[in-house]
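Given next are the chains, with one letter for each unit.
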Amino acid sequence: MHPALKSLAAVIGGIAGGLALTWASVFAMHFGTVRDGPWETSLAVGSASGGPYLRAWVAVHGLLALNRSETIYYNASRDSGGERLSGRCVYSLMGRDPKARWWSITAYGPDDFLIAGPARRYSVSKTSILRRGEGNFIATVSRDKPGADWIAVGDGPFSLTLRLYEPDAGVAADPAHAELPQIVKERCR
Amino acid sequence: MKAFLARNGIYFAAAAAIALGVHAATLFMLPHFVMVQALAKITQGGGYNVVRPIARADEHARTVVRPSPDLLYSTCPFDLSKGALQVQATVPPGTYWSVSVFDADTNNIFVENDRQAKDGKVDFVVLPPSSGPLGKAWVGPPRTAIRSPSVRGLVLFRTLINDESRLAEIDAARRNVTCGVYSNP
């Protein structure tokens with residue numbers, strides 16, 4: 001191969017390699033992530049500290065998010081059994097009120113935006129959900145309407161975000177051991 | 001293989017050096033790039049240093065990922081090149097409310113919520129990063145001052161819709177905010 005072509009290949013390969021490294025750093029690595037059942041949260045979101053890797057990760061995954069004492073954001077892309085969430089299945093969100101001033105659970109599509117649909121039932125929250133015995137609640141996540149307390153999703157994959165506004169101090173200090181709703185798969189089409 | 005590497009080692013070394021340089025540069029610039037993109041979307045059809053009440057998020061909201069449909073957002077993208085920014089707000093009663101400030105690298109440099117606001121009012125000044133005359137704007141109690149590390153950034157107001165029957169009232173109350181270039185008294 002001509003030296004000029006080798007040089008060109010080195011430049012193109014170097015640029016591609018550098019971009020791939022950055023992509024892997026931001027999308028394949030999990031900085032400060034802790035798990036609580038099917039829910040994950042990053043201790044880094046809302047923080048201005050850390051090195052360039054952490055700052056890049058937070059910019060992409062936690063843009064305009066608040067710090068942990070103000071709001072905790074938990075995400076789930078799998079159910080409590082470890083299977084990926086899919087609009088082909090029906091799920092029950094079961095639990096008690098998380099310890100926070102206010103909470104909500106919202107469904108998002110793979111593009112990280114709200115899921116289009118005629119029902120416009122994007123979320124359930126502390127003030128919208130019905131309580132059963134002893135303060136327990138059950139909400140349904142599905143494509144088709146099952147009744148009250150419903151989050152509508154499409155046919156494809158989706159994820160859920162649980163927001164805790166002004167969480168109790170114990171939850172903010174140890175978000176991996178908070179009492180959070182289970183995501184139970186009921187049936188699939 | 002050894003002969004191949006011996007003949008082309010310098011090219012592999014150059015490619016590795018370029019890869020490290022590109023990686024470092026893109027990693028360093030990424031937060032700024034993300035915020036520039038967000039500010040470009042937010043300031044469409046308007047400018048800086050004015051409050052924009054955003055419509056309630058639905059499936060058509062495409063400005064910032066994972067918007068909450070239970071919040072009413074208002075934004076004030078700021079540009080401190082002409083001076084400090086003054087933010088004043090009356091907190092909507094009976095619900096969660098917060099104001100937060102983000103610099104051009106997406107860092108959350110300030111937050112205050114409805115329970116922290118004294119007498120239901122918020123009044124603060126965002127100072128530019130320079131230590132020159134623009135950075136010496138007079139600020140006195142009870143007004144607080146925040147030094148922004150960047151000339152541009154974003155003030156974000158969140159108001160919780162904790163009761164759908166109060167939506168119109170909450171929407172009206174969240175508009176009691178002003179944001180503009182600070183006039184030194």
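Cut-offs and rules
- Residues numbered from 1 in each chain as written.
- Chains lettered and ligands numbered in written order.
- Predicted model: local features only at pLDDT ≥ 70, side-chain atom pairs only at ≥ 80, totals over all residues.
- Helix = DSSP H or I, 4+ residues; strand = E, 2+ residues; numbered from the N terminus.
- Contact = placed C-beta atoms within 7 Å.
- Rg over C-alpha atoms; globule rule 2.2 N^0.38 Å.
- Buried ≥ 20, exposed ≤ 12 C-beta atoms within 10 Å, placed from the backbone.
- Pairing = 2+ DSSP bridges.
- Axes fitted to C-alpha atoms, helices over the stretch in contact; angles between N-to-C directions.
- Nonpolar A, V, L, I, M, F, W, Y, C, P; charged D, E, K, R; others polar.

Enquirer: Mind laying out the overall build of chain A, listing which residues take part and the relevant values?
Expert: If you tally the helices and strands in chain A, you get three helices and ten strands. The long-range fraction of contacts in chain A, counting pairs at least 24 apart against all pairs at least 6 apart in sequence, stands at 69%.

Enquirer: Got a sec to walk through the overall build of chain B? Specific residues and values, please.
Expert: Assigned secondary structure in chain B consists of two helices and nine strands. Mapped from its N terminus to its C terminus, chain B presents α and β elements in the order α-β-β-β-β-β-β-β-β-α-β. Here the C-alpha atoms of chain B give a radius of gyration of 22 Å, more than 25% beyond the 16 Å that 2.2 N^0.38 yields for 185 residues. Structurally, chain B occupies a C-alpha span of about 75 × 45 × 30 Å along its principal axes. Sorting the 185 residues of chain B into buried and exposed places 38% on the buried side.

Enquirer: Could you give me a rundown of the pairing of strand 3 (residues 71-76) of chain A, with the residues and numbers involved?
Expert: All names here are of chain A. Most of strand 3 sits inside the fold, with five of its six residues counted as buried. In the sheet, strand 3 pairs with strand 9 (residues 159-167) via six bridges, with the strands oriented antiparallel. In the strand pairing of strand 9, Asn-75 is matched with Thr-161.

Enquirer: Describe the sheet that holds strand 9 (residues 177-181) of chain B, and please don't skip the residues or the numbers.
Expert: All names here are of chain B. One open sheet holds the four strands; their spatial order is 7-6-3-9, and the pairing between them is mixed. Each edge of the sheet is formed by a strand with only one pairing partner; in this case those strands are strand 7 (144-147) and strand 9. Pairwise comparison of adjacent strand axes, ignoring direction, gives a mean angle of 20 degrees for this sheet. With five bridges joining them, strand 3 (residues 85-90) and strand 9 adopt antiparallel strand pairing. Its bridge partner being in strand 9, Leu-85 is matched across the sheet by Val-181.

Enquirer: Can you break down the interface of chain A and chain B residue by residue, with the values?
Expert: Listed by partner, the interface residues are 46 residues for chain A and 44 residues for chain B. Among the elements of the structure, helix 1 (3-28), helix 2 (52-61), strand 5 (100-108), strand 6 (123-125) and strand 9 of chain A are those that each provide at least two residues to the side of chain A that touches chain B. Here the residues of the side of chain A that touches chain B sort into 24 nonpolar, 15 polar and seven charged.

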